[in-house]
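Now for the letters of each chain:
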Amino acid sequence: MQILGNILPGFRDIRAPIIAGYTWLVLAWLLIRPDIHRRPADAAFGSLYDLGHDVGRLGVAVGVSVAAYLIGSVSQGVTDALATLVADIRDPLRFGWWPIWVSRALPLERIERARERADEALADIAHGVIGEATYRNLQSSLSIEVETRTNRALSDARKELGLPATLLVGDKPELFAEVDRLRSEGELRITVTLPLAALCTALGVMQTNGCGSWDGFRSLSCSRREAAK
Amino acid sequence: MGWLPLTVLLAQGGGKVNASRRIIAEAIAQRKIESTGQAEFEAWAERFAGERVPALVSLAGAPLSIVSAYWRTDNARVDVTEILQDKVKDGKLEMKATNEAFGNDPEYGKTKRLEVEFVSHGIVGSATFAEESTVDLPPPRPASVAPVS
């Protein structure tokens with residue numbers, strides 16, 4: 001049970017990229033439709049074909065899995081970059097729900113309390129001590145100072161939440177298990193969306209146009225099919 | 001085409017990542033786990049409320065008060081706050097920024113600059129003057145002076 005507990009977080013880490021990678025490979029398979037029963041004429045692909053025969057089915061499975069992991073890692077990076085890009089775009093209509101899948105949860109309570117303390121200090125200390133005009137000037141200057149420092153604290157908090165769960169709650173097993181499970185499940189869903197969208201699009205185009213409408217795809221797949229007949 | 005299930009998948013994924021973040025956020029709020037950034041902000045807010053605001057309020061009534069002034073290079077600096085404050089006459093400060101004026105050379109052979117934070121009628125501002133330039137405070141339009149962050 002302990003061994004399983006140690007392995008599980010590592011397995012969760014590779015699950016999202018490997019499934020995304022497999023999905024991209026399935027898409028590539030559908031688009032290229034390689035003839036696995038005939039050795040390719042190309043030197044490089046021919047050599048890979050020979051290697052596949054030498055290492056056997058298990059070796060091929062391992063190789064494909066490694067390739068899937070690498071491709072999926074790149075795909076995950078692209079998805080993360082897109083998510084960051086979208087998160088940086090402010091909600092143009094200020095509805096507060098844009099975009100629903102970009103994480104905005106922040107630990108604000110302590111920041112808000114500290115900010116209130118800073119805001120109240122001026123009123124507590126300066127009230128009745130300095131003239132009204134001077135008080136307003138000072139309040140205006142200091143509110144910019146508080147705003148700037150608060151924004152930095154919020155930015156730090158946002159960065160902190162992006163740290164790996166092992167760094168954040170690694171020493172709190174009861175929190176770690178829940179955080180790691182939810183985060184990896186969420187990341188899996190987000191990561192596979194891009195390859196699944198591509199796969200759905202490809203399948204849609206193929207179903208609509210028979211053997212496909214993309215020039216390269218049609219020339220490859222149709223000619224092979226006709227050659228087989 | 002299956003776009004609806006994909007959107008649901010994406011929203012579900014975002015929801016789960018958000019839920020994991022909320023757990024961490026609550027743990028930070030309840031101080032179950034340490035947050036360096038938030039502890040630093042709390043310490044800053046304490047210093048701000050306990051030291052900076054009282055200091056500025058005590059200086060804010062005057063037409064021009066020097067909060068801090070450093071005659072410095074990138075590597076060394078000397079505190080010249082009192083020297084500058086002594087040179088304020090009728091709410092104005094006019095002088096040349098030189099080693100002789102401050103009676104000190106923080107780093108021989110290097111170009112110096114004067115960094116000043118001041119309060120003028122409650123407006124907090126900061127300014128930097130190059131060596132040998134004329135220090136003229138408060139600026140003609142104090143409202144345009146950027147407050148210190």
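About the thresholds
Residues numbered from 1 in each chain as written. Chains lettered and ligands numbered in written order. Predicted model: local features only at pLDDT ≥ 70, side-chain atom pairs only at ≥ 80, totals over all residues. Helix = DSSP H or I, 4+ residues; strand = E, 2+ residues; numbered from the N terminus. Buried ≥ 20, exposed ≤ 12 C-beta atoms within 10 Å, placed from the backbone. Contact = placed C-beta atoms within 7 Å. Pairing = 2+ DSSP bridges. Axes fitted to C-alpha atoms, helices over the stretch in contact; angles between N-to-C directions. Parallel < 35°, antiparallel > 145°, perpendicular 65-115°, else oblique. Nonpolar A, V, L, I, M, F, W, Y, C, P; charged D, E, K, R; others polar. Expected span 1.5 Å × (residues − 1). Bend = angle between axes of the 7 residues up to and from the residue.

### Details of the overall build of chain B
And step 1. A tally of regular secondary structure across chain B gives 4 helices and 6 strands.
And step 2. Shown N-terminal to C-terminal, the secondary structure of chain B runs as helices and strands in the order α-α-β-β-α-β-α-β-β-β.
And step 3. Counting all 149 residues of chain B, 30% fall into the buried class.
And step 4. Counting only contacts in chain B whose residues sit at least 6 apart along the sequence, the fraction spanning at least 24 positions is 50%.

### Topic: the sheet that holds strand 4 (residues 113-120) of chain B
All names here are of chain B.
And step 1. Overall, antiparallel pairing links the 4 strands, which are arranged 2-1-4-5 in an open sheet. The outermost strands of the open sheet, each flanked by one partner alone, are strand 2 (77-79) and strand 5 (123-130). Within the sheet, the average angular offset between the axes of one strand and its neighbour, ignoring direction, is 20°.
And step 2. Across 7 bridges, the pairing between strand 1 (residues 65-72) and strand 4 is antiparallel. By the bridge assignment, W71 is partnered in strand 4 with L114.

### Examining the packing of helix 3 (residues 109-126) of chain A against helix 2 (residues 36-60) of chain B
And step 1. Axis separation between helix 3 of chain A and helix 2 of chain B bottoms out at 9 Å; the angle between their running directions is 5°. Taken together, the axes of helix 3 of chain A and helix 2 of chain B are roughly parallel relative to one another. Between helix 3 of chain A and helix 2 of chain B, the residues in contact are R110, I111, A114, R115, R117, A118, A121, L122, I125 and A126 of chain A and Q38, F41, E42, A45, F48, A49, V53, P54 and V57 of chain B, respectively.
And step 2. A class-by-class count of the residues in the contact of helix 3 of chain A with helix 2 of chain B yields 14 nonpolar, 1 polar and 4 charged.

### A few points about unusual backbone geometry
And step 1. For the bond from L137 of chain B to P138 of chain B, the omega torsion is -5°, close enough to zero to count as cis.
And step 2. Backbone geometry at R33 of chain A places phi at a positive 45°, although glycine is not the residue there.
And step 3. Here R33 of chain A is to be found in the loop between helix 1 (2-32) and helix 2 (43-88).
And step 4. Exposure remark for R33 of chain A: the 16 C-beta atoms within 10 Å place this residue in the partly exposed category.

### Here's the deal with the pairing of strand 4 of chain B
A regular strand places its side chains on the two faces of the sheet in alternate fashion.
Residue and element names in this part refer to chain B.
And step 1. Pairing analysis gives 8 bridges linking strand 4 to strand 5, with the strands arranged antiparallel. Among the inter-strand pairings, R113 is bridged to a residue of strand 5, identified as A130.
And step 2. Counted between consecutive antiparallel strands, the loop separating strand 4 from strand 5 contains 2 residues, among which H121 sits at a positive phi close to 50°.

### Here we look at the interface of chain A and chain B
Many structure descriptions define interface size as the accessible area lost when the parts assemble.
And step 1. Contact with chain A, which involves 53 residues of that partner, is made by 46 residues of chain B.
And step 2. Elements represented by at least two residues in the side of chain A that touches chain B include exactly helix 3, helix 4 (132-161), helix 5 (165-169) and helix 6 (173-208) of chain A.

### With respect to helix 3 of chain A
Residues and elements named next belong to chain A.
And step 1. Taking 1.5 Å per residue as the helical rise, helix 3 with its 18 residues ought to reach 26 Å, and the 26 Å between its terminal C-alpha atoms agrees with that figure.
And step 2. In the structure, helix 3 departs most strongly from a straight axis at E120, where the bend amounts to approximately 25°.
And step 3. Among the residues of helix 3, R110, I111, A114, R115, A118, A121, L122 and A126 are the ones counted as buried.

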